[in-house]
Amino acid sequence: MKRHLHCGSRRSLVAVLALAVLANLGLSAAQAATPAELLAVYEAQAKAPGSPERGQKLFTQNFGRELGFSCSSCHGAEPVKNGRDQVTEKLIRPLAPAANPQRFTDKTKVDTWFRLNCTDVVGRDCKPGEKADVMSWLLTLKP
Ligand code: HEC
């Protein structure tokens, strides 16, 4: 009986540990990603491949909002280089993953910044297809 208990508690400890590992994996899989995986998610949502041409156009376009900004106002027209925030005047590291490997590796962060910046520049959040366009263009850029 004693032996059986010991065995059982060990087994449940293993099960708890395994669950914890799985939960962790599940969490990080939901958040962390490579830029290619993230692009695939947006393309799947849009049911269409991203277009680098459309992405560049969106990025440099002035949508006639009060601030008068395009994405490139702050990120630069060549986002393999540093940009500068036109409001806070803070330096912005390059947006293109080839120049900055930290970019597009956290979906929650990426969606948050798309929402904030698209709302300012376009007047609404960007759609998955527009995110795919911008990302597919950024992924063509080499430092
Ligand atoms: C007023 C300045 C400004 C404008 C305009 C702007 N951004 Fe940004 N953007 C920022 C800042 C500041 C950050 C956060 C700091 C950082 O990540 O370097 C950021 C971060 C991002 C990120 C986060 C990427 C990552 O993985 O780290 C994306 C995506 C992005 N911007 C896309 C856009 C797009 C698309 C537009 C145009 C619709 C745009 N931004 C316009 C200032 C701006």
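Below, the structure is looked at part by part. (Residues numbered from 1 in each chain as written. Predicted model: local features only at pLDDT ≥ 70, side-chain atom pairs only at ≥ 80, totals over all residues.)

**Concerning the environment of Lys127**
The following threshold applies: In this text, helices come from DSSP runs of H or I with a minimum length of four residues, and strands from runs of E with a minimum of two, each type numbered from the N-terminal end.
Within the fold, Lys127 resides in the loop between helix H5 (107–121) and helix H6 (128–138). When the C-alpha positions of Lys127 and Arg115 are compared, they lie 9.4 Å apart, and in sequence the two are 12 residues distant.

**Remarks on the nonpolar core**
One recurring pattern in soluble globular proteins: nonpolar side chains tend to sit buried together. Applied cut-off: Note on definitions: a nonpolar core is a set of buried residues drawn from Ala, Val, Leu, Ile, Met, Phe, Trp, Tyr and Cys, linked by C-beta atoms within 7 Å. With C-beta atoms placed from the backbone, the exposure class of a residue follows from how many other C-beta atoms lie within 10 Å of its own: 20 or more, buried; 12 or fewer, exposed; in between, partly exposed. A pair of residues counts as a contact when their C-beta atoms, built from backbone coordinates, are separated by no more than 7 Å.
The biggest cluster of nonpolar side chains holds 18 residues, and the ones touching the most others in it are Leu38, Leu39, Tyr42, Phe59, Val134, Met135 and Leu138. At five residues, the largest contribution of residues to this core is made by H6. Apart from residues no more than four positions distant in its own chain, Met135 is found in contact with Pro35, Leu38, Leu39, Tyr42, Gly50 and Phe104.

**Focus on helix H2 (residues 35–46)**
Here is the rule: A helix is expected to span 1.5 Å multiplied by its residue count minus one. Note that the arc is computed from the directions linking the helix axis to the C-beta atoms.
A rise of 1.5 Å per residue sets the reference length of H2, with its 12 residues, at 16 Å; its end C-alpha atoms lie 16 Å apart and thus fit the reference within 8%. What H2 keeps buried is the set Leu38, Leu39 and Tyr42. Down the axis of H2, the smallest arc covering the buried residues is 100°, so these residues share one side. Those residues of H2 that are exposed and aimed more than 90 degrees away from the buried face are Ala36 and Ala44. Elements that come into contact with the buried residues of H2 comprise H5 and H6. Trailing H2 by a residue or two, Lys47 shows a phi angle of about 55°, which is positive.

**Focus: the site of the ligand**
To keep it simple, the criterion reads: Any residue whose backbone-placed C-beta atom lies within 6 Å of a molecule or strand is treated as near that molecule or strand. Each residue is assigned to one of three groups, with Ala, Val, Leu, Ile, Met, Phe, Trp, Tyr, Cys and Pro labelled nonpolar, Asp, Glu, Lys and Arg labelled charged, and all others, Gly among them, labelled polar.
Near the ligand you find 22 residues, and of these Cys71, Cys74, Trp113, Asn117 and Val121 are the closest. At the level of secondary structure, the elements contributing two or more residues to the shell around the ligand comprise helix H4 (71–75) and H5. With eight residues, the single largest contributor to the shell around the ligand is H5. Here the shell around the ligand is built from residues that sort into 13 nonpolar, four polar and five charged.

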